[in-house]
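This is what each chain is made of:
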Amino acid sequence: STQMNMNKINVFTKNGCGRCEFTIKYLQENNIPYVELNTSMHQPNNDLMWEQLEKTDHNSKSVQLPVIVQNGRVYQNIESLPALLKSFK
């Protein structure tokens, strides 16, 4: 999928990312609506993620995944993933 859904939590992931797997599992277990946008399997998702990051003060060439977009807010290089996810209930 290359389409973000602004009514859901958009999660940019990549293959083999433990933090990404943790995030998706948490959202599934808590019945929180989300869209997973895998950047490993689909290049347009990667481009879309960087477009979202450009809207923030992010100016690095690397980012720690997942990148989460919710209600127009871009969460990146998330230090406490469990705390952020709990705020989405």
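Our subject is the structure that appears above.
Residues numbered from 1 in each chain as written. Predicted model: local features only at pLDDT ≥ 70, side-chain atom pairs only at ≥ 80, totals over all residues. Heavy atoms only, no water.

Draft legend 1. Main features of the sheet that holds strand 2 (residues 34-38). Within the open sheet, the four strands sit side by side as 2-1-3-4. Their pairing is mixed. In this open sheet, the two edge strands, each paired with only one partner strand, are strand 2 and strand 4 (73-75). Ignoring strand direction, the axes of neighbouring strands in this sheet form an average angle of 20°. With five bridges connecting them, strand 1 (residues 9-13) and strand 2 associate as parallel partners. Residue pairing for strand 2: valine 11 is matched across the bridge by glutamate 36. Helix 1 (residues 18-29) contacts strand 1, strand 2 and strand 3 (67-70) of the sheet and is inclined by roughly 155° relative to strand 1. Set on the sheet, helix 2 (residues 43-54) makes contact with strand 1, strand 2, strand 3 and strand 4; between it and strand 1 the angle comes to about 115°. (Pairing = 2+ DSSP bridges. Helix = DSSP H or I, 4+ residues; strand = E, 2+ residues; numbered from the N terminus. Axes fitted to C-alpha atoms, helices over the stretch in contact; angles between N-to-C directions. Contact = heavy atoms within 4.5 Å.)

Draft legend 2. Seen up close, the side chain of glutamine 76. Mapped onto the elements of the fold, glutamine 76 is located in the loop between strand 4 and helix 3 (81-86). Looking at glutamine 76, its side chain comes within polar contact range of the side chain of threonine 56, at 3.2 Å. In contact with glutamine 76, not counting residues within four places along its chain, are Leu53, Thr56, Asp57, His58 and Val63. (Polar contact = N/O pair within 3.5 Å; in protein donor to acceptor, adjacent residues only side chain to side chain.)

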